[in-house]
Amino acid sequence: MSRSRDIDAYRRRATSYDAGPRGGMHARIVSRTATLALDTVPRPSRVLDVGCGTGLLLKELLERAPSLTRALGIDPASEMVEIAARENEGSFARFSVETAEQLSAPNNSFDLIVSSTSFSHWHDPGQGLKECARVLAPGGYLVLVDVFSTLALPIRLFGPGGAAGSKERASRLLDAAGFERASWHPLFASVIKAAVAQKPARSVA
Ligand SMILES: C[S@@+](CC[C@H](N)C(=O)[O-])C[C@H]1O[C@@H](n2cnc3c(N)ncnc32)[C@H](O)[C@@H]1O
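Residues numbered from 1 in each chain as written. Predicted model: local features only at pLDDT ≥ 70, side-chain atom pairs only at ≥ 80, totals over all residues. Heavy atoms only, no water.

> What is the right way to read the side chain of threonine 54 from this model?
Tracing the chain through its elements places threonine 54 in the loop between strand 1 (46–50) and helix 3 (56–64). Within the local environment of threonine 54, its side chain forms a polar contact with the side chain of aspartate 18, the two groups lying 2.8 Å apart. Setting aside anything within four residues of it in sequence, one finds threonine 54 in contact with Ala14, Tyr17, Asp18, Met80, Ile83, Ala84 and Glu87. (Helix = DSSP H or I, 4+ residues; strand = E, 2+ residues; numbered from the N terminus. Polar contact = N/O pair within 3.5 Å; in protein donor to acceptor, adjacent residues only side chain to side chain. Contact = heavy atoms within 4.5 Å.)

Right under this line is the structure:
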């Protein structure tokens, strides 16, 4: 699927995204992602969610991490961003229409970046990871959750992110972006896994 058709599909799906069994499955993945993120960085201060969709993950992190002082979610699908902002009304979370490949945040802005089932949609996953490394503070962590499995060959071959869905390729892209060697964690069913990677304490940005 082309880049704009993929994003258009999410714009159209936005209002029904959280509904039904598929919505329930996404909510469970989000919840496990939040748990892993808080196991990794128990008292985060500034968090970025890349490909935030309807904003569920930031909502849960805000509920579970009182240490947070800043929360930003970005997504190229404007309808998703509108719903995320509405769902997080009254909190200090902010949402913006952006892609992973071109983040507007300054260097070293966050101590935690999370991303749940978005990576395989990035049209240039290597560039997206470089942007994550740039805006992450030295010593900060990226928790990257997605389908990483040989069982997901169709996504790897035909998804907009090309072979991003291979664990080996994602590890290489994380290395190339300047992250320290990633650790891998099972997250949901057998195909959804998480890479947890740290930006070296000495800045590479
Ligand atoms: C399967 S949804 C996941 C949404 C949310 N993270 C969740 O867990 O419910 C994938 C999201 O990635 C977004 N996306 C697509 N291309 C992207 C890109 N280049 N950069 C960041 N996000 C992107 C889509 O708009 C969509 O909202």
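Right, picking up where we left off after that structure.
> What's the story with the site of the ligand in this structure? I'm lost.
Within the structure, the ligand sits among 20 residues, and Gly51, Asp75, Ala100, Glu101 and Ser116 are positioned closest to it. A distance of 2.9 Å is found between a nitrogen atom of the ligand and a backbone nitrogen or oxygen belonging to alanine 100. For the ligand, the accessible surface in isolation is 590 Å², of which the surrounding protein chains cover 98%. More than half of the atoms belonging to the ligand lie within 2 Å of the grid points that define the largest cavity. When contributions to the shell around the ligand are tallied by element, the ones reaching two or more residues are helix 1 (3–13) and helix 2 (20–40). Within the shell around the ligand, the residues separate by chemical class into nine nonpolar, eight polar and three charged. (Near = heavy atom within 4 Å. Areas by Shrake-Rupley, 256 points an atom, 1.4 Å probe, with all protein chains shown as cover. 1 Å grid on protein atoms, 1.4 Å probe; cavity = no way out; pocket = protein on both sides within 12 Å on 5 of 7 lines; lining within 4 Å. Sits in = over half its atoms within 2 Å of the grid points. Nonpolar A, V, L, I, M, F, W, Y, C, P; charged D, E, K, R; others polar.)

> For this particular structure, what's the right way to read the packing of aromatic side chains?
Two descriptors summarise a pair of aromatic rings, namely the distance from one centre to the other and the angle between the planes of the rings. Taken as a whole and judged by the stated rule, the model has four aromatic pairs. Considering the side-chain rings of phenylalanine 119 and tryptophan 122, the 5.0 Å spacing of their centres and the 85° angle between planes classify their relative orientation as edge-to-face. Across the pair, exposure class does not vary: phenylalanine 119 and tryptophan 122 are buried alike. Taken together, a centroid distance of 6.0 Å and an interplanar angle of 40° make the contact between phenylalanine 119 and phenylalanine 148 tilted. Here the residue phenylalanine 119 occupies a position in the loop between strand 4 (110–116) and helix 5 (125–135), and phenylalanine 148 occupies one in the loop between strand 5 (136–147) and helix 6 (153–158), the gap between them amounting to 29 residues. Each member of the pair, phenylalanine 119 as well as phenylalanine 148, is classed as buried. (Phe/Tyr/Trp six-rings, centres within 6.5 Å; stacked < 30°, edge-to-face > 60°. Buried < 20%, exposed > 50% of the residue type's maximum accessible area, 1.4 Å probe, protein only.)

> Looking at this structure, how should I read the nonpolar core?
Ranked by size, the top nonpolar core spans 30 residues in total, and within it Val47, Leu61, Val114 and Val143 carry the most contacts. Taken together, the elements giving at least two residues each to this core come down to helix 2, helix 3, helix 4 (78–87), strand 4, strand 5, strand 6 (183–188) and strand 7 (192–198). Ranked by the residues each element gives to this core, the list is headed by helix 2, at six residues. Residues in contact with valine 47, not counting those within four places in the same chain, are Leu58, Leu61, Leu68, Arg70, Ala71, Leu72, Phe110, Leu112 and Val114. (Core = buried A, V, L, I, M, F, W, Y, C linked by side-chain atoms within 4.5 Å.)

> When you look at the packing of helix 2 against helix 3 in this model, what are you seeing that I'm missing?
Relative orientation and spacing of two packed helices are given, respectively, by the angle between their axes and the distance between those axes. Close contact between helix 2 and helix 3 brings their axes to 9 Å; oriented N to C, the two are set at 45°. It follows from the interaxial angle that helix 2 and helix 3 lie oblique. Pair helix 2 / helix 3 crosses with right-handed handedness. Taken together, the residues of helix 3 that come into contact with helix 2 (itself represented by Ala27, Val30, Ser31, Thr33, Ala34, Thr35, Ala37 and Leu38) are Leu56, Leu57, Glu60, Leu61 and Arg64. The residue makeup of the contact of helix 2 with helix 3, split by class, is eight nonpolar, three polar and two charged. (Axes fitted to C-alpha atoms, helices over the stretch in contact; angles between N-to-C directions. Parallel < 35°, antiparallel > 145°, perpendicular 65-115°, else oblique. Left-handed = near helix turned anticlockwise from the far one by under 90°.)

> What is the right way to read the pairing of strand 2 (residues 70–74) from this model?
On a regular strand, each side chain points to the face opposite its neighbour's, so the side chains alternate between the two faces of the sheet. For strand 2, a buried count of four out of five residues is recorded, marking the element as mostly surrounded by other parts of the structure. Regarding topology, helix 3 serves as the crossover connection from strand 1 to the parallel strand 2, and that connection is right-handed. Traced from strand 2 through helix 4 to strand 3 (residues 94–96), the parallel crossover comes out right-handed. (Right-handed = clockwise from strand over helix to strand, strands pointing away.)

> Please clarify how the sheet that holds strand 1 should be interpreted in this entry.
A sheet is described by the order of its strands in space; here seven strands give the open sequence 3-2-1-4-5-7-6, paired in mixed fashion. Edge positions in the open sheet fall to strand 3 and strand 6, since each of these has one partner strand only. On average, each strand axis in the sheet is inclined to that of its neighbour by 20°, with strand direction left out of account. Where strand 5 and strand 7 come together, seven bridges link them in antiparallel fashion. (Pairing = 2+ DSSP bridges.)

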